[in-house]
Amino acid sequence: QVQVVESGGGLVQAGGSLRLSCTVSGLTFGTYNMGWFRQAPGKEREGVSCISWNIYNTYYADSVKGRFNISRINAKNTLYLQMNSLKPEDTAMYYCAARTSIRDRACFSRDAYWGQGTQVTVSS
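Residues numbered from 1 in each chain as written. Predicted model: local features only at pLDDT ≥ 70, side-chain atom pairs only at ≥ 80, totals over all residues. Heavy atoms only, no water.

(A) Just the packing of aromatic side chains, in detail. Considering all chains together, one arrives at two aromatic pairs under this definition. Relative to Trp-114, the ring of Phe-37 has its centre 5.3 Å away and its plane inclined at 75 degrees; by these criteria the two rings are edge-to-face. Residue Phe-37 is found in strand S4 (residues 34-39), and its partner Trp-114 is found in strand S12 (residues 113-114); the two are separated by 77 residues along the sequence. Exposure remark for Phe-37: the relative accessible area of 4% places this residue in the buried category. Look at Trp-114 and you get partly exposed, because its relative accessible area is 32%. Measuring from ring centre to ring centre gives 6.5 Å for Tyr-95 and Trp-114, while their planes differ by 90 degrees; the resulting arrangement is edge-to-face. Placement of the pair is Tyr-95 in strand S9 (residues 92-98) and Trp-114 in strand S12, with a sequence separation of 19 residues. An aromatic cluster is defined as three or more aromatic residues linked by ring pairs; in this entry it consists of Phe-37, Tyr-95 and Trp-114. We note Arg-45 situated over the ring of Tyr-95; from NZ or CZ to the ring centre the distance is 4.0 Å. (Phe/Tyr/Trp six-rings, centres within 6.5 Å; stacked < 30°, edge-to-face > 60°. Helix = DSSP H or I, 4+ residues; strand = E, 2+ residues; numbered from the N terminus. Buried < 20%, exposed > 50% of the residue type's maximum accessible area, 1.4 Å probe, protein only. Lys NZ or Arg CZ within 6 Å of the ring centre and 35° of its normal.)

Structure representation (structure tokens):
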């Protein structure tokens, strides 16, 4: 009954911006840590950014620090990822994960509920 739905992906030129959204239903959104992960062809899935249920703890991959910003509005059951100064290396399928763990300098997604993904393609 849990549904995780991403939107906002698309084709953009290098240096451009995109805003991804993830809407979750079927669970108490405000009690779960959330996150964004991505997977490019031939590569393993990697954590991009995560945020705790109370927004006080966040994680960003080194490759996106200073360019991406994660946020959430619990009253709307929605998670966001604002992506600025996009690079071709950011090209990937982006997945929303409902239920993550933020520990030290990492974010874990064991037992997460996953969305179907939204494709981000950055051209040069």
